[in-house]
Amino acid sequence: MQVQKDDIRKSILREAQTIFLQKGFAKASMRQIADASHIGLSNIYNYFPGKDEIFCTIVQPVVSAFEAMLQEHHGHSGVDIMEMHSEAYLRYVIDEYLMLLKKHRRLLQLLFFHAQGSSLEDFRENFTRRSTVLVKEYFRRMKEKHPHLHIGVSDFFIHLHTAWMFTLFEELLMHRKKPEELEQIITEYITFEVIGWRELMKI
């Protein structure tokens, strides 16, 4: 019985993802999702309280991926800023971005272009705001470890740092590129950004 419930739940999420991509969150309806999933409208509420919960469940893997990136690079367990010198760090970040696009392309499209009207419609702004606070705290900790660091970077520039990341992903989603082009673009972006931070912070 539980297996059947799990199958129905997966079917709801699968069909809802297609509908959200076609219509956007605001124009999609629970009836459309129920019909596509071949279950009754009243029955769908036994699996999800509403449309927003369905949408959030679908995009949760990519939301979690962004959060993991933030914590890994700037959280309390974040890498030492001096690792920005290494080619290994540069390669790691490039591969991280490439994997995010490869694994979550459709979810990124939902989150960035089809979330209007959902509780995640302000995800980009909210994430950027939290990121700015976390990066400032990360810089403070790095200054304690490396007193020569210059951390007097403006809050607005730190804000732009995250905004540019989202813009990069959005542009890459809108302009489909071949894998080799994708890697070149991301490599150029990450190289430009890392070298810029090195100069700003006197690393």
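None of the values given here were measured: they were computed from a predicted structure.

Colleague: Hey, could you run me through the nonpolar core in this one?
Modeller: It is characteristic of soluble globular proteins that their nonpolar side chains tend to be buried jointly. If you look at the biggest cluster of nonpolar residues, it comprises 68 residues, and the most contacted ones within it are F20, I54, F66 and Y97. Residue assignment for this core shows that the elements contributing at least two residues are α1 (2–23), α2 (30–37), α4 (51–74), α5 (87–113), α6 (123–145), α7 (155–174) and α8 (179–201). It is α5 that provides the largest number of residues to this core, a total of 13 residues. Beyond its immediate stretch of four places on either side in the chain, Y97 contacts M69, M165, L168, F169, I186, Y189 and I190.

Colleague: What's the story with the packing of α4 against α7 in this structure? I'm lost.
Modeller: When two helices pack together, their arrangement is given by the angle between the helix axes and by the axis-to-axis distance. Here α4 crosses α7 at 140 degrees, and the two axes come no closer than 14 Å. In terms of axis orientation, α4 runs oblique to α7. Judged by the sense of rotation from one axis to the other, the crossing of α4 with α7 is right-handed. In contact with F66, M69 and H74 of α4, α7 contributes H161, M165, F166 and F169.

Colleague: Just checking my understanding: could you explain α6 for this structure?
Modeller: Each α-helix turn comprises 3.6 residues. Residues three or four places apart therefore point the same way. With 23 residues, α6 extends 32 Å between its outermost C-alpha atoms, agreeing within 8% with the 33 Å of an ideal straight helix rising 1.5 Å per residue. Those residues of α6 lying buried are F123, F127, T128, S131, T132, L134, V135, Y138, F139, R141 and M142. In the core, the buried residues of α6 are packed alongside α4, α5, α7 and α8.

Colleague: Teacher, can you tell me more about the layout of surface pockets here?
Modeller: To find the voids left in a structure, one rolls a probe of water-molecule size over its atoms. One number sums up the size of the largest pocket: a volume of about 220 Å³. The set of elements that each furnish at least two residues to the lining of the largest pocket consists of α5 and α6. In this structure, the second largest pocket occupies an estimated 160 Å³ of space. Lining the second largest pocket are F157, H161, W164, Y189, F192, E193, G196, W197 and L200. If you list the elements that add at least two residues to the lining of the second largest pocket, you get α7 and α8. Element by element, the count of residues in the lining of the second largest pocket is highest for α8, at six residues. Across the lining of the second largest pocket, the residue classes break down as six nonpolar, two polar and one charged.

Colleague: Honestly, unusual backbone geometry in this entry has me stumped. Any pointers?
Modeller: Most peptide bonds take the trans form, and the phi angle of most residues other than glycine is negative. You will see that H38, though not glycine, has its phi angle at about 60 degrees, which is positive. Along the chain, H38 turns up in the loop between α2 and α3 (41–44). Judged by relative accessible area, H38 falls into the exposed class, the value being 72%.

Colleague: Would you explain the packing of α7 against α8 in this entry?
Modeller: Between α7 and α8, the shortest axis-to-axis distance is 12 Å and the interhelical angle comes to 175 degrees. Taken together, the axes of α7 and α8 are roughly antiparallel relative to one another. Two secondary-structure elements touch here, α7 through F157, I158, H161, W164, M165, L168 and L172 and α8 through L182, I185, I186, Y189, E193, W197 and L200. Of the residues assigned to the contact of α7 with α8, the class counts are twelve nonpolar, one polar and one charged.

Reading the values: rules and limits
Residues numbered from 1 in each chain as written. Predicted model: local features only at pLDDT ≥ 70, side-chain atom pairs only at ≥ 80, totals over all residues. Heavy atoms only, no water. Core = buried A, V, L, I, M, F, W, Y, C linked by side-chain atoms within 4.5 Å. Buried < 20%, exposed > 50% of the residue type's maximum accessible area, 1.4 Å probe, protein only. Helix = DSSP H or I, 4+ residues; strand = E, 2+ residues; numbered from the N terminus. Contact = heavy atoms within 4.5 Å. Axes fitted to C-alpha atoms, helices over the stretch in contact; angles between N-to-C directions. Parallel < 35°, antiparallel > 145°, perpendicular 65-115°, else oblique. Left-handed = near helix turned anticlockwise from the far one by under 90°. Expected span 1.5 Å × (residues − 1). 1 Å grid on protein atoms, 1.4 Å probe; cavity = no way out; pocket = protein on both sides within 12 Å on 5 of 7 lines; lining within 4 Å. Points joined across faces, edges and corners; volume = space filled by probe spheres on them. Nonpolar A, V, L, I, M, F, W, Y, C, P; charged D, E, K, R; others polar.

From the geometry alone we can't say anything about function, so treat these as descriptive.
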